[in-house]
Each structure stands twice: as C-alpha cells, then as structure tokens.
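Observations on chain architecture
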Amino acid sequence: MTITERNKHRAINIARNQGWLPNSPGAIDKNGKYAYCAAACVAVAYLEDRGGKFVDEFTRQLVSTNDKNIVQNVFEQSGFSRADCKEIMDINDASPLQERLSMMENLINGISAV
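Where helix H5 (residues 82-94) contacts helix H6 (residues 100-109), the axes come no closer than 9 Å and their chain directions differ by 150°. Considering their axes alone, H5 and H6 lie roughly antiparallel with respect to each other. Every pair of crossing elements has a handedness; the one defined by H5 and H6 is right-handed. Contacts between H5 and H6 pair Ile-88, Ile-91, Asn-92 and Asp-93 from the former with Arg-100, Met-103 and Leu-107 from the latter. For the contact of H5 with H6, the per-class residue count stands at four nonpolar, one polar and two charged.

Dropping the structure here:
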C-alpha cells in the first residue's frame, strides 16, 4: 500500500484530534460525534483531497450503518486493496484501546509514501 506524506500526516492528526481509536469502523463518542478507527482515518484523509462533501457522505454512511465495507470501498477507490484495509482494521481492533494511537502512528509511518 502507498499513501502520500500529506495523507499520512492528516490521518494521524485525525486520530490525535479524536483522542482515541474505536473498534472498526468507528463509534459515536461521548459528545455524539463519530470517531473513526485507524483505517477510516486513512480513508478520510484520502477523501478530504477530493472535497468535503465526500467526507460528509462517508461519515453519514458510517453513522447510519457502521459497515466496514464502506471503509474498504474507499480503499479500493483510492488504489489500495480491501486486504490493506482489513489488515489495518484487524491490527486496530486487536490492539488495547490505550495503545491504539501509538500503534496507528507506527503503522502509518511505516507505509511507503509516494
């Protein structure tokens, strides 16, 4: 999987700004805002380059369905694979909640940038 440096930094910042990474694909936080898992943060970073309306629609779909396939579909659209997405989701979900932010930073920083 490849990703731009800008998208890598943005995905990490999305996760940091949330303050946590829920199980995949995400969850509503205590303030009623949707929080993304590690893979969904990568998907949002990609979609932001395409325009805010794409992020809004992506988030609406996740809020209404909480379907992992929505995130996997964005990975496919971006040239990544569903397997890449599933791998990030599996690592996210297997990691202890308190370790997920550092896990994500290490995982994303280890991906080749284009």
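This is not the end of the story, as more comes after the structure.
Bringing unusual backbone geometry into the picture now. With an omega of 0°, the peptide bond running from Ser-24 to Pro-25 counts as cis. Mapped onto the elements, Pro-25 comes out in the loop between helix H1 (5-18) and strand S2 (26-28).

Turning to the layout of surface pockets, a few remarks are in order. Estimated volume of the largest pocket: approximately 250 Å³. Contributing to the lining of the largest pocket are 14 residues, with Ile-14, Gln-18, Lys-33, Tyr-34 and Tyr-36 lying nearest its centre. Elements with a contribution of two residues or more to the lining of the largest pocket: H1, strand S3 (34-36), helix H2 (38-48) and helix H3 (52-65). Per-element accounting of the lining of the largest pocket gives the leading share, four residues, to H1.

Take the pattern of salt bridges next. Once their charged atoms are close, side chains differing in charge can pair, the charge on each being opposite to the other. Per the counting criterion, the structure on display carries nine salt bridges. Where Asp-49 meets Arg-6, a salt bridge forms, and the shortest distance between an N and an O atom there is 2.5 Å. One end of the pair, Asp-49, is in the loop between H2 and H3; the other, Arg-6, is in helix H1, with 43 residues separating them in the sequence. The partner of Asp-93 in a salt bridge is Lys-68, and the shortest N-O contact between them spans 3.8 Å. Pair noted here: Asp-93 is in helix H5 and Lys-68 is in helix H4 (residues 68-77), with a separation of 25 residues, a long-range link. Residue Asp-93 is classed as partly exposed on the basis of its relative accessible area, which comes to 25%. A network of salt bridges, in which partner residues are shared, links Arg-6, Asp-49 and Arg-50.

Cut-offs and rules
Starting from 1, residues in each chain are numbered consecutively following that chain's sequence as written. Only residues with pLDDT of at least 70 are given local features in this predicted model, and only at 80 or more are side-chain atom pairs given and counted; all residues enter the totals for whole chains, interfaces and linings. Excluding hydrogens and water, the side-chain values take into account all heavy atoms of the structure. Here an angle of 0 to 180 degrees is reported between the N-to-C directions of two axes, which are lines fitted to C-alpha atoms, with helices fitted over the stretch in contact. Only runs of H or I of at least four residues qualify as helices and only runs of E of at least two qualify as strands under DSSP, and these elements are numbered from the N terminus. Throughout, the term roughly parallel applies to angles under 35 degrees, roughly antiparallel to angles over 145, roughly perpendicular to angles from 65 to 115, and oblique to all others. Crossing handedness is read from the near helix: turned anticlockwise from the far helix by less than a right angle, it gives a left-handed crossing, and turned clockwise, a right-handed one. Only heavy atoms matter for contacts: two residues are in contact if any of them lie within 4.5 Å across the pair. Classes in brief: Ala, Val, Leu, Ile, Met, Phe, Trp, Tyr, Cys and Pro nonpolar; Asp, Glu, Lys and Arg charged; the others, Gly included, polar. Method remark: on a 1 Å grid restricted to protein atoms, a set of points is classed as a cavity if a 1.4 Å probe fits but cannot get out and as a pocket if it is open with protein on both sides within 12 Å along at least five of seven lines; lining residues have an atom within 4 Å of a point. Grid points are joined across faces, edges and corners, and a volume is the space filled by probe spheres set on the points. Any Lys or Arg side-chain nitrogen located within 4 Å of an Asp or Glu carboxyl oxygen qualifies as a salt bridge. Burial status follows relative accessibility: with a 1.4 Å probe on protein chains alone, a residue under 20% of its type maximum counts as buried, one over 50% as exposed, and anything between as partly exposed.

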